[in-house]
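Chain by chain, the residues:
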Amino acid sequence: MKKNKVISLLGALLLTISLFSCRDNEVIIDEPQNKHEIDPISASSSQKNIDSSDNTNNNSSSTDSSLSSSNISSSNNESTGRENIQFDQWAYEDGYGSYINAAKEIANEDSVVRIAIIDTGISPLGQQYLGNSFNEVEVIDENIMTDDVIHFINDDHALNIASIITGKGFGDLGFYGIADNVELYSIKIRYDETKGNAVFEDVVKAIEWCNFFGGIDIISFSGGFYAGDLSFYQMESLFNAISSFNGLFIVASGNDDTNFENLNSFYRTYPTCFSSNYEQTPRIIAVGSSNALGEKASHSNYGRSDITIFAPGEEISTIFTNENEPFIATNSGTSIAVAFVTGTAALLKSINIYLSAEDIKDIICQTVTPFAFGKDYDLCTSGGIINAYEAVNYVNNL
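All values derive from a computational prediction rather than experimental measurement.

So, the pattern of salt bridges
So, point 1. This model, assessed by the stated rule, comprises 9 salt bridges.
So, point 2. Notably, a salt bridge pairs Lys188 with Glu138, separated by 3.8 Å at the nearest N-O pair. Separated by 50 residues along the polypeptide, Lys188 in strand 8 (residues 182-188) and Glu138 in strand 6 (residues 133-141) bring together distant segments of the chain.
So, point 3. Classification of Glu138 by relative accessible area gives partly exposed; the value is 26%.
So, point 4. Two residues, Glu358 and Arg283, come together in a salt bridge whose shortest N-O distance is 3.0 Å. Here Arg283 lies in the loop between strand 14 (269-270) and strand 15 (284-290) and Glu358 lies in helix 7 (residues 357-366), a separation of 75 residues in the sequence.
So, point 5. Overall, Arg283 belongs to the buried group, its relative accessible area being 14%.
So, point 6. Ionic contacts of the salt-bridge type, sharing partners, join the residues Lys104, Glu109 and Asp180 into one network.

Notes on the environment of Ile363
So, point 1. Within the element layout of this structure, Ile363 appears in helix 7.
So, point 2. The buried category is assigned to Ile363, whose relative accessible area is 5%.
So, point 3. Distance from Ile363 to Glu390, taken between C-alpha atoms, is 9.0 Å for residues 27 residues apart in sequence.
So, point 4. Leaving out residues up to four positions away in the same chain, Ile363 has contacts with Leu348, Leu355, Ala391, Tyr394 and Val395.

Points about the packing of aromatic side chains
So, point 1. Applying the stated criterion to the full structure yields 10 aromatic pairs.
So, point 2. Residues Phe310 and Phe371 carry aromatic rings whose centres are separated by 5.3 Å and whose planes lie at 80° to one another, so their mutual orientation is edge-to-face. Taken as a pair, Phe310 in strand 16 (residues 309-312) and Phe371 in the loop between strand 19 (369-370) and strand 20 (384-385) lie far apart in primary sequence, 61 residues in all. Taken as a pair, Phe310 and Phe371 share a single burial class, namely buried.
So, point 3. Among the aromatic side chains, those forming a connected cluster through ring pairs are Tyr92, Tyr176 and Phe340.
So, point 4. If you follow Lys188 out to its NZ or CZ, it ends over the ring of Phe152, 5.1 Å from the centre.

Section: the state of the cysteines
So, point 1. Using the criterion set out here, one finds 0 disulfides in the structure.
So, point 2. We note that Cys365 lacks a disulfide partner, and the nearest cysteine sulfur, in Cys380, lies 8.0 Å from it.
So, point 3. Taking the relative accessible area as the measure of exposure, Cys380 reaches 0% and is therefore buried.

Some remarks on helix 7
So, point 1. If you check which residues of helix 7 are buried, you get Ala357, Ile360, Lys361, Ile363 and Ile364. Angularly, the buried residues of helix 7 cover 165° about the axis, an arc narrow enough to put them on a single face.
So, point 2. Contacts from the buried residues of helix 7 go to strand 13 (248-252), strand 15, strand 16, helix 6 (334-351) and helix 8 (388-396).

Overview of the nonpolar core
So, point 1. Formed by 60 residues in total, the largest nonpolar core has its most connected members in Ile115, Ile250, Val287, Phe340 and Leu348.
So, point 2. Apart from residues no more than four positions distant in its own chain, Ile115 is found in contact with Ile165, Val182, Glu183, Leu184, Tyr185, Ile218, Thr342 and Ala346.
So, point 3. Judged by nonpolar contacts, the second largest core, of 41 residues, contains Val137, Phe221, Leu230 and Cys380.

What to know about the pairing of strand 11 (residues 218-221)
So, point 1. What you see with strand 11 is no split at all: Ile218 and Ser220 on one side and Ile219 and Phe221 on the other are buried throughout.
So, point 2. Across 4 bridges, strand 11 lies against strand 13 in parallel orientation. Note on strand 13: the bridge partner recorded for Ser220 is Ile250.

Brief notes about the confidence of the model for the protein chain
So, point 1. Summarising the model, the protein chain shows a mean pLDDT of 78, and 76% of its residues fall at 70 or more.
So, point 2. Confidence drops under a pLDDT of 50 for residues 1-86, and excluding neighbours within four residues, the segment shows 302 contacts in the predicted structure.

Comments concerning the packing of helix 3 (residues 157-166) against helix 6
So, point 1. With their axes 8 Å apart at the nearest point, helix 3 and helix 6 run at an angle of 30° to one another. Taken together, the axis directions place helix 3 and helix 6 in an arrangement best described as roughly parallel. Crossing angle aside, the handedness with which helix 3 passes helix 6 is right-handed. Contacts from His157, Asn160, Ile161, Ile164 and Ile165 of helix 3 reach helix 6 at Ser335, Ile336, Ala339, Phe340, Thr342 and Gly343.
So, point 2. Of the residues that constitute the contact of helix 3 with helix 6, the class distribution is 6 nonpolar, 5 polar and no charged.

As for the sheet that holds strand 7 (residues 150-151)
So, point 1. Ordered by their spatial adjacency, 3 strands build an open sheet running 7-9-10, and the pairing between neighbours is antiparallel. Of all the strands in the sheet, the pair left with one neighbour each is strand 7 and strand 10 (197-198).
So, point 2. Sheet topology places strand 7 next to strand 9 (residues 191-192); 2 bridges connect them, and they run antiparallel. Paired with His151 across the bridge in strand 9 is Tyr191.

Scoring rules and cut-offs
Residues numbered from 1 in each chain as written. Predicted model: local features only at pLDDT ≥ 70, side-chain atom pairs only at ≥ 80, totals over all residues. Heavy atoms only, no water. Salt bridge = Lys/Arg side-chain N within 4 Å of Asp/Glu carboxyl O. Helix = DSSP H or I, 4+ residues; strand = E, 2+ residues; numbered from the N terminus. Buried < 20%, exposed > 50% of the residue type's maximum accessible area, 1.4 Å probe, protein only. Contact = heavy atoms within 4.5 Å. Phe/Tyr/Trp six-rings, centres within 6.5 Å; stacked < 30°, edge-to-face > 60°. Lys NZ or Arg CZ within 6 Å of the ring centre and 35° of its normal. Disulfide = S-S within 2.5 Å. Arc of directions from axis to C-beta. Core = buried A, V, L, I, M, F, W, Y, C linked by side-chain atoms within 4.5 Å. Pairing = 2+ DSSP bridges. pLDDT = per-residue confidence, 0-100. Axes fitted to C-alpha atoms, helices over the stretch in contact; angles between N-to-C directions. Parallel < 35°, antiparallel > 145°, perpendicular 65-115°, else oblique. Left-handed = near helix turned anticlockwise from the far one by under 90°. Nonpolar A, V, L, I, M, F, W, Y, C, P; charged D, E, K, R; others polar.

This is how it looks when you write it as structure tokens:
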């Protein structure tokens with residue numbers, strides 16, 4: 001075990017945090033009381049390297065929306081490769097998918113990419129179906145006591161995301177993720193049962209841990225911060241933590257079906273809306289969710305100034321666990337869409353390790369697939385849906 005440990009903002013904005021959960025295609029948003037100062041040195045964390053061959057226990061159960069599922073014995077978990085795909089994953093295909101299958105044909109993943117997923121953690125059983133290098137890190141603010149209300153929880157939210165980013169195989173179904181050469185860090189943060197949210201201080205500590213640890217290339221965070229319920233200090237501490245991170249910060253836009261262009265400052269969400277300030281936060285990608293028709297998914301937030309790009313996020317096959325038996329089912333939400341952008345960014349970084357976070361963001365935005373029939377251009381800044389093939393092809397030709 002290893003022990004690990006400004007700008008002026010517009011007005012005294014206040015904000016509130018919640019995980020943009022994929023469960024039942026809804027967003028859980030409440031109003032935590034976040035009053036504690038954040039001292040990077042006082043963060044308490046523990047890290048554990050996981051050997052997937054030793055992970056045979058499962059402590060979680062799935063409550064995510066499952067539109068269809070395929071059960072398979074956990075003893076049959078050998079990776080079968082990309083030639084044996086029997087599950088329906090429209091989002092990997094061409095058209096209005098993310099062109100993952102085509103991109104993998106031309107991608108030469110030379111370098112290891114380190115990805116941190118800030119979420120509720122991944123069960124030992126779920127870890128078996130991820131990439132070969134898995135690290136578990138618990139990061140908490142010691143000023144916030146762990147008790148029956150504030151504690152770690154076990155669910156499949158992080159596993160759903162991670163399996164799309166770097167799933168390594170699933171029995172005869174041949175489930176695979178986008179990027180192979182990934183060193184994954186599952187950064188566990190606590191949950192406040194009373195508020196129905198993640199603990200704000202833990203989120204900031206987790207981002208600070210990525211800064212302190214060094215070497216993290218991409219942070220994936222499926223959370224949102226309303227601007228109406230936290231102090232100026234908390235807004236500032238969140239901004240400073242994110243802007244100090246030199247890698248790519250990829251965040252879900254949320255599942256409220258809300259146009260951010262129509263919101264006043266009180267209801268805007270962060271870190272999503274930090275993406276609109278490119279000069280000060282050029283390494284944030286805020287992701288909306290699209291469907292198989294090339295349109296905005298009905299649940300997704302949107303907005304030309306604040307949402308960077310869209311990616312598949314409706315009825316997406318992913319890995320779940322339940323009572324020691326893994327299965328594949330479909331799920332929806334902008335958290336799922338974040339996984340496609342994160343995986344594509346990892347592909348680009350692995351092909352060319354010298355690409356900066358800004359480079360990767362610009363390439364991804366320049367190579368999008370336009371929305372269906374050219375409509376809804378104002379849904380996001382880039383004007384379209386992620387296209388992994390065009391992005392990889394762009395990098396190959398640099």
